[in-house]
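The lines below spell out each chain.
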Protein chains: 2
Amino acid sequence: MKKEMVVNPWEVSGNVDYGKLIRKFGLSKISEQLLERLKKDTGELHFMLRRKIFFAHRDLGFALDEYEKGKNLFLYTGCGPSGPIHLGHALVWAFTKWLQDKLGVELWFQFTDDEKFLFKDKTYAEIQKWTENNMLDVIAIGFNPKKTNFLIDTKNAGLMYKEAIKVAKKITFSMVKSSFGMNEQSNIGSIFYTSMQAVPAFLPSVIKKKNMACLIPHAVDQDPHFRLTRDIIPKLGYHKPASIQCSFLPPLTGVAGKMSSSKGQSIFLTDSPKEVEMKIKKYAFSGGRDTLEEHRKKGGNPDVDVSFQYLKFFFEPDDNKLKKIYNDYKSGKMLTSELKEILIKKINSFLKEHQRKRVLAKKQIHKFLLKE
Amino acid sequence: MKKEMVVNPWEVSGNVDYGKLIRKFGLSKISEQLLERLKKDTGELHFMLRRKIFFAHRDLGFALDEYEKGKNLFLYTGCGPSGPIHLGHALVWAFTKWLQDKLGVELWFQFTDDEKFLFKDKTYAEIQKWTENNMLDVIAIGFNPKKTNFLIDTKNAGLMYKEAIKVAKKITFSMVKSSFGMNEQSNIGSIFYTSMQAVPAFLPSVIKKKNMACLIPHAVDQDPHFRLTRDIIPKLGYHKPASIQCSFLPPLTGVAGKMSSSKGQSIFLTDSPKEVEMKIKKYAFSGGRDTLEEHRKKGGNPDVDVSFQYLKFFFEPDDNKLKKIYNDYKSGKMLTSELKEILIKKINSFLKEHQRKRVLAKKQIHKFLLKE
């Protein structure tokens, strides 16, 4: 049974048809021409671009124009702190770090602690605990502390609220109703919230007193926020923010939906090697056949195999190696257990290094907090 | 023709029936017993209490309990900065200053610049200009700088927003729809706003880490804000704010409605003596008769005479003098021109002193701004 596709900032479920999403949301595919420009500007093409994990955009050409004219560009991404960080988050951030390194531009990283408090059945104290926790993971990703500013909505409200109300004045209840499905029972903080998410897209322009281009790397489910933002910000005199959008790292249980902290099985950046091994072995949906014999004879299906997808999305940057795994699995030469073993090693090697940096991150936090 | 009474935070019009308002809003009259307690706590009864200008309350008894137990009480009032300050504002603040002086407690004074920006067709810069301007008038009223903290919503959002979202999470769109008449076309900042107005009622308790009673002196049209606030704040673990509410200083044009910066004729705290004289002579609705002869014979009606009402509400604290004016005007012994002359002198004497202090206020602002 094919489940109906649902994609919005608060729910992703069903088999996601990205072609349909591009048409529905009014996105643009990243063209070969744009890939060429990105390659010229960054020196190389990240495998997530080559493989079209980042597949869609809005105004990426404009962002590159401004960058090429004189680095008049900053990056903006973020995190909703309500649970442990999983691989889906890390994917977007790893790509963002790459962009930051290659382009040498500032990143503004938003922690939407207000959003998570307002939308989830969690206390303010719980959300603050997760904010502290998640900051460590963000820092461990390796962003340049000299070019990265953390914006924590409740902590930086002194700067943000006065800009947010300028956005809010131009958005009606009827607009958030149609964009996000708000209703009469929605709390008034959640109704207001999208104004806060809009702010980092122009706050650097306010602070630096010059109109800068903003490029937002994000997973495609966040598009409704920024679609509304793009309509409003030009009315305040700032450029529409551009975006570069990726598809969803699937949950362990199958290629439908997306990895999520709050449901399904996820791999967290704080998982131990044993936990990773257990999760992959126990939960990672396999494209293999029911019996060893059948698998050897007919081969597996890497396109629905979650372990293969994780290699493709994140853990095997080498296209040739990936292709070999694809072919070996499809032909039946490689068994599911062997494929899973490759992935377990890759993830654990990534997490070992991440967790080492995460311990060091506590002493780095102050370097990332915005000096108001 | 009797116009229908409308009383809410954004509109006051028609002949206000205060008895009906008490029943409709569910307020309590200030009883003789409470007046006795107030007299005991303050040493004397302010003429606005004796004359029932401040006529209604919520939980005033509780506020006095907490005060009497150990001064566990603070005052909260405020100002929406969108135009010049008029006598109606000054009345509430003069009473609040008296309470502060007599009780020796802190006052938290809120400037709702976000509200005015979100609800009025004015730019952010205009509202900021009015905030600066209005602060001078507030300071000139004579509040004790050692016991008064200004809260400017956009400037102090760093402290306020994180408390406001705790309020907002407990208020639905449907609740602000029924309390304030919000609709689908309302902007999402205006929908959120009441959460910010709730914050000063418990922020001192947050900062001082002890649950304090809050007493809000205000004109009765603000009651819907605090009615909602009173339902929510106990859910956050703080006391319901108490209030002491006054009737409306009438506009110059007649005893219906209230004095307002945005409509009708008002006397501003920055008016010159000539302007005051002209406004009173030209606009102040008179309870006098059409001809001098008729007035001498039948007498005037002080109850609808705006000049007399201003003396009663604000400018003649001496009950005996007021009574004499009342009787003389009613008997026809005093003419409208004489009554107006008395009022003009009183107002100009008040404004002379106010404007002198207002010039000095610029150098005092820093003493009132909250040190975060």
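Details of the structure are given in the entry above.
Residues numbered from 1 in each chain as written. Chains lettered and ligands numbered in written order. Predicted model: local features only at pLDDT ≥ 70, side-chain atom pairs only at ≥ 80, totals over all residues. Heavy atoms only, no water.

### Brief notes about the packing of helix α7 (residues 124–140) of chain A against helix α17 (residues 336–361) of chain A
Residue and element names in this part refer to chain A.
Okay, so step 1: Two elements in contact, α7 and α17, have axes whose closest approach is 8 Å; the angle formed by their N-to-C orientations is 120 degrees. For the element pair α7 / α17, the angle class is oblique. The interaxial crossing formed by α7 with α17 has right-handed handedness. Mapping the contact onto sequence places Asn133, Leu136, Asp137, Ile139 and Ala140 in α7 and His354, Lys357, Arg358 and Ala361 in α17.
Okay, so step 2: The residue makeup of the contact of α7 with α17, split by class, is four nonpolar, two polar and three charged. (Axes fitted to C-alpha atoms, helices over the stretch in contact; angles between N-to-C directions. Helix = DSSP H or I, 4+ residues; strand = E, 2+ residues; numbered from the N terminus. Parallel < 35°, antiparallel > 145°, perpendicular 65-115°, else oblique. Left-handed = near helix turned anticlockwise from the far one by under 90°. Contact = heavy atoms within 4.5 Å. Nonpolar A, V, L, I, M, F, W, Y, C, P; charged D, E, K, R; others polar.)

### Some words on the pairing of strand β4 (residues 54–58) of chain A
Residue and element names in this part refer to chain A.
Okay, so step 1: A large share of β4 lies buried, amounting to five of its five residues.
Okay, so step 2: Sheet topology note: the strand β3 (residues 28–29)/β4 ladder contains two bridges and is antiparallel. Bridging from a neighbouring strand, Ser28 pairs with His57 of β4. (Buried < 20%, exposed > 50% of the residue type's maximum accessible area, 1.4 Å probe, protein only. Pairing = 2+ DSSP bridges.)

### A look at the interface of chain B and chain A
Okay, so step 1: Residue-level contacts link 34 residues of chain B with 35 residues of chain A.
Okay, so step 2: Taken together, the two surfaces of chain B and chain A that pack against each other cover about 3,000 Å², and 68% of this comes from carbon and sulfur.
Okay, so step 3: On the chain B side of the contact with chain A, Tyr161, Lys169 and Ile188 of chain B bury the most area, a combined 26% of that side's loss.
Okay, so step 4: Inspection of the chain B/chain A interface yields two salt bridges.
Okay, so step 5: Counting across the interface, chain B meets chain A through 18 residue pairs in polar contact (both at pLDDT 80 or more).
Okay, so step 6: At the level of secondary structure, the elements contributing two or more residues to the side of chain B that touches chain A comprise α6 (113–119), α8 (157–168), α9 (173–180), α10 (188–192) and α11 (194–198) of chain B.
Okay, so step 7: Of the residues assigned to the side of chain B that touches chain A, the class counts are 14 nonpolar, eleven polar and nine charged. (Buried area = accessible area lost by both parts, 1.4 Å probe. Salt bridge = Lys/Arg side-chain N within 4 Å of Asp/Glu carboxyl O. Polar contact = N/O pair within 3.5 Å; in protein donor to acceptor, adjacent residues only side chain to side chain.)

### Brief notes about the relation of the copies chain B and chain A
Okay, so step 1: Rotating chain B by 180 degrees and moving it 0.0 Å along the rotation axis overlays it on chain A with an RMSD of 0.0 Å. On the angle and the small slide along the axis, the relation comes out as a two-fold axis. Within chain B, Gly158 of chain B has its C-alpha nearest the rotation axis, a separation of 2.0 Å.
Okay, so step 2: Comparing interface residues between copies, 100% of those in chain B also sit at the interface in chain A, which points to an isologous, same-surface contact. (Least-squares fit on C-alpha atoms with pLDDT ≥ 70 in both.)

### Here we look at the sheet that holds β3 of chain A
Residues and elements named next belong to chain A.
Okay, so step 1: Pairing is mixed in the open sheet, where seven strands are placed in the order β3-β4-β9-β8-β5-β6-β7. Unpaired on one side and paired on the other, β3 and β7 (148–152) mark the two borders of the sheet.
Okay, so step 2: Across the sheet, helix α12 (residues 223–232) is in contact with β4, β5 (73–79), β8 (213–219) and β9 (242–246); its angle to β8 comes to roughly 160 degrees.

### Points about the sheet that holds strand β8 (residues 213–219) of chain B
Note on sheets: strands pair through backbone hydrogen bonds, and any given pair is parallel or antiparallel.
All names here are of chain B.
Okay, so step 1: Pairing is mixed across the open sheet formed by seven strands, whose spatial order is β3-β4-β9-β8-β5-β6-β7. Of all strands in the sheet, those with a lone pairing partner are β3 (28–29) and β7 (148–152), marking the two edges.
Okay, so step 2: Pairing of strand β6 (residues 107–111) with β7 involves five bridges; the strand directions are parallel. Opposite Gln110, over in β7, you have Leu151 as the bridge partner.

### Examining a positive patch on the surface
Residues and elements named next belong to chain A.
Okay, so step 1: Taken together, the side chains of Lys20, Arg23, Lys24 and Lys29 present a region of like positive charge at the surface.
Okay, so step 2: Looking at the positive patch element by element, the count peaks at three residues for helix α1 (residues 18–25).
Okay, so step 3: By the element assignment, Lys29 lies in strand β3.
Okay, so step 4: The exposure class of Lys29 is exposed, given its relative accessible area of 62%. (Patch = residues over 30% accessible without salt bridge, like charges linked within 9 Å, V, L, I, M, F, W, Y side chains within 5 Å. Areas by Shrake-Rupley, 256 points an atom, 1.4 Å probe, with all protein chains shown as cover. Lys, Arg positive; Asp, Glu negative; His and termini not counted. Charge placed at Lys NZ, Arg CZ, Asp CG, Glu CD.)

### Some remarks on the packing of aromatic side chains
Okay, so step 1: Inspection of every chain in the model, using the stated rule, returns 43 aromatic pairs over all chains.
Okay, so step 2: For the ring pair Phe109 of chain B and Phe143 of chain B, a centre distance of 6.1 Å and an interplane angle of 55 degrees mean the geometry is tilted. Here the residue Phe109 of chain B occupies a position in strand β6, and Phe143 of chain B occupies one in the loop between α7 (124–140) and β7, the gap between them amounting to 34 residues. The same class applies to Phe109 of chain B and to Phe143 of chain B, which are both buried.
Okay, so step 3: Site record: aromatic cluster; members linked through ring pairs are Trp93, Phe109, Phe111, Phe143, Phe150 and Phe368 of chain A.
Okay, so step 4: Sitting above the plane of the Phe25 of chain B ring, Arg227 of chain B keeps its charged end 4.4 Å from the centroid. (Phe/Tyr/Trp six-rings, centres within 6.5 Å; stacked < 30°, edge-to-face > 60°. Lys NZ or Arg CZ within 6 Å of the ring centre and 35° of its normal.)

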